[in-house]
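In case you want the letters, here they are:
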Amino acid sequence: AQSVTQLDSQVPVFEEAPVELRCNYSSSVSVYLFWYVQYPNQGLQLLLKYLSGSTLVKGINGFEAEFNKSQTSFHLRKPSVHISDTAEYFCAVSDRDTDKLIFGTGTRLQVFP
Amino acid sequence: DGGITQSPKYLFRKEGQNVTLSCEQNLNHDAMYWYRQDPGQGLRLIYYSQIVNDFQKGDIAEGYSVSREKKESFPLTVTSAQKNPTAFYLCASKASGGAGQYFGPGTRLTVT
């Protein structure tokens, strides 16, 4: 069975500071990895995805993530955050056969001025 | 514009009533999904359908039912058997052979 662990439920950070949101997964098969963002009372928006190839993946809004197979991690990073980045961020994994997504419990990023 | 629509955005029902949540997509996606979101628990899969007239139970299907009569539509019925129906419900779709699901704006259901 697959699972996703987001190690931090909340991450407070000041505007223009760098941020890293951590995600670890467990799976016995090859997987796809995703980061989604959710603004209050809205659906989820796909930030970026790792399917294969380069382990550094660039997404929208200046975010990037690095796939580390040996550490089974897929941490999300941004070098300089904005107030508008305040949202809930979800890491997710799907196996390549079923297409079902397994989500972590989310990390709330709070950016302060 | 292509996308996924869910209606209504807010829904209120009395305990004991069945209620149907709408999900429509014009992305020509084959697969559609229903998730439930509760605070601090992330998203949990209720039902999914990979093709018209076929669907499978997800992790928390008890108390819910779905149909998939058209490619564009995947309505979810929350029955009176669902013990804790108050939640935020999200519908998603995915292209066949693609990776990554695309989500609708969600319906917040409150049952009192």
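Preceding block: the structure.
Everything numeric in this text was worked out from a predicted model, so none of it was measured.

Peer 1: Talk me through the state of the cysteines; I want residue IDs and the actual numbers.
Peer 2: Residues and elements named next belong to chain A. Summed over all chains, the structure comprises two disulfides over all chains. Disulfide pairing is shown between Cys 23 and Cys 91; the S-S distance is 1.9 Å. The S-S bond linking Cys 23 to Cys 91 shows a torsion near -65°; that makes this disulfide left-handed. In this pair, Cys 23 is assigned in the loop between β3 (19–21) and β4 (24–26) and Cys 91 in strand β10 (residues 87–95), connecting sequence segments 68 residues apart. For Cys 91, a relative accessible area of 0% gives the class buried.

Peer 1: Can you lay out the interface of chain A and chain B for me, pointing to particular residues and giving the numbers?
Peer 2: Taken together, the contact pairs 19 residues of chain A with 24 residues of chain B. With both chains or domains summed, chain A and chain B bury close to 1600 Å², and 54% of this area falls on carbon and sulfur atoms. When the area that chain A buries against chain B is broken down by residue, the three leading residues are A:Asn41, A:Asp99 and A:Lys100, summing to 32%. In this assembly, chain A and chain B are joined by five residue pairs in polar contact (both at pLDDT 80 or more).

Peer 1: Could you give an account of the pattern of salt bridges, with specific residues and numbers?
Peer 2: Across all of its chains, the model carries eight salt bridges over all chains by this definition. In this structure, the salt-bridge partner of A:Glu66 is A:Arg77, at a minimum N-O distance of 3.5 Å. With a gap of 11 residues between them, A:Glu66 in strand β8 (residues 64–68) and A:Arg77 in strand β9 (residues 73–78) connect regions that are remote in the sequence. Residue classification places A:Arg77 among the partly exposed residues on the basis of a relative accessible area of 26%. Measuring nitrogen to oxygen at the nearest pair gives 3.3 Å for the salt bridge that ties B:Lys71 to B:Asp30. With a gap of 41 residues between them, B:Lys71 in the loop between β7 (64–66) and β8 (76–78) and B:Asp30 in the loop between β3 (19–25) and β4 (31–37) connect regions that are remote in the sequence. Its relative accessible area of 23% is what places B:Lys71 among the partly exposed residues. Within the structure, one salt-bridge network assembled from shared partners comprises A:Glu20, A:Glu66 and A:Arg77.

Peer 1: Now, about the side chain of B:Gln101: what can you tell me, with residues and values included?
Peer 2: Tracing the chain through its elements places B:Gln101 in the loop between β9 (87–94) and β10 (102–103). You can call B:Gln101 buried: its relative accessible area is 1%. Engagement of the side chain of B:Gln101 in a polar contact is seen with the side chain of B:Tyr35, the distance being 2.7 Å. In contact with B:Gln101, not counting residues within four places along its chain, are A:Tyr36, A:Asp99, A:Leu101, B:Tyr33, B:Tyr35, B:Ala92, B:Ser93 and B:Lys94.

Peer 1: Go over the sheet that holds β8(B), please, and point to the residues and values.
Peer 2: Residues and elements named next belong to chain B. Pairing in this open sheet of four strands is antiparallel, and the strands run β1-β3-β8-β7 from one edge to the other. Each end of this open sheet is capped by a strand with a single partner; those strands are β1 (4–7) and β7. Neighbouring strand axes in the sheet, compared pairwise and without regard to direction, differ in orientation by 20° on average. Here β7 pairs with β8 via three bridges, running antiparallel. Within the sheet, the bridge partner assigned to Ser 65 lies in β8 and is Thr 77.

Criteria and thresholds
Residues numbered from 1 in each chain as written. Chains lettered and ligands numbered in written order. Predicted model: local features only at pLDDT ≥ 70, side-chain atom pairs only at ≥ 80, totals over all residues. Heavy atoms only, no water. Disulfide = S-S within 2.5 Å. Helix = DSSP H or I, 4+ residues; strand = E, 2+ residues; numbered from the N terminus. Buried < 20%, exposed > 50% of the residue type's maximum accessible area, 1.4 Å probe, protein only. Contact = heavy atoms within 4.5 Å. Buried area = accessible area lost by both parts, 1.4 Å probe. Polar contact = N/O pair within 3.5 Å; in protein donor to acceptor, adjacent residues only side chain to side chain. Salt bridge = Lys/Arg side-chain N within 4 Å of Asp/Glu carboxyl O. Pairing = 2+ DSSP bridges. Axes fitted to C-alpha atoms, helices over the stretch in contact; angles between N-to-C directions.

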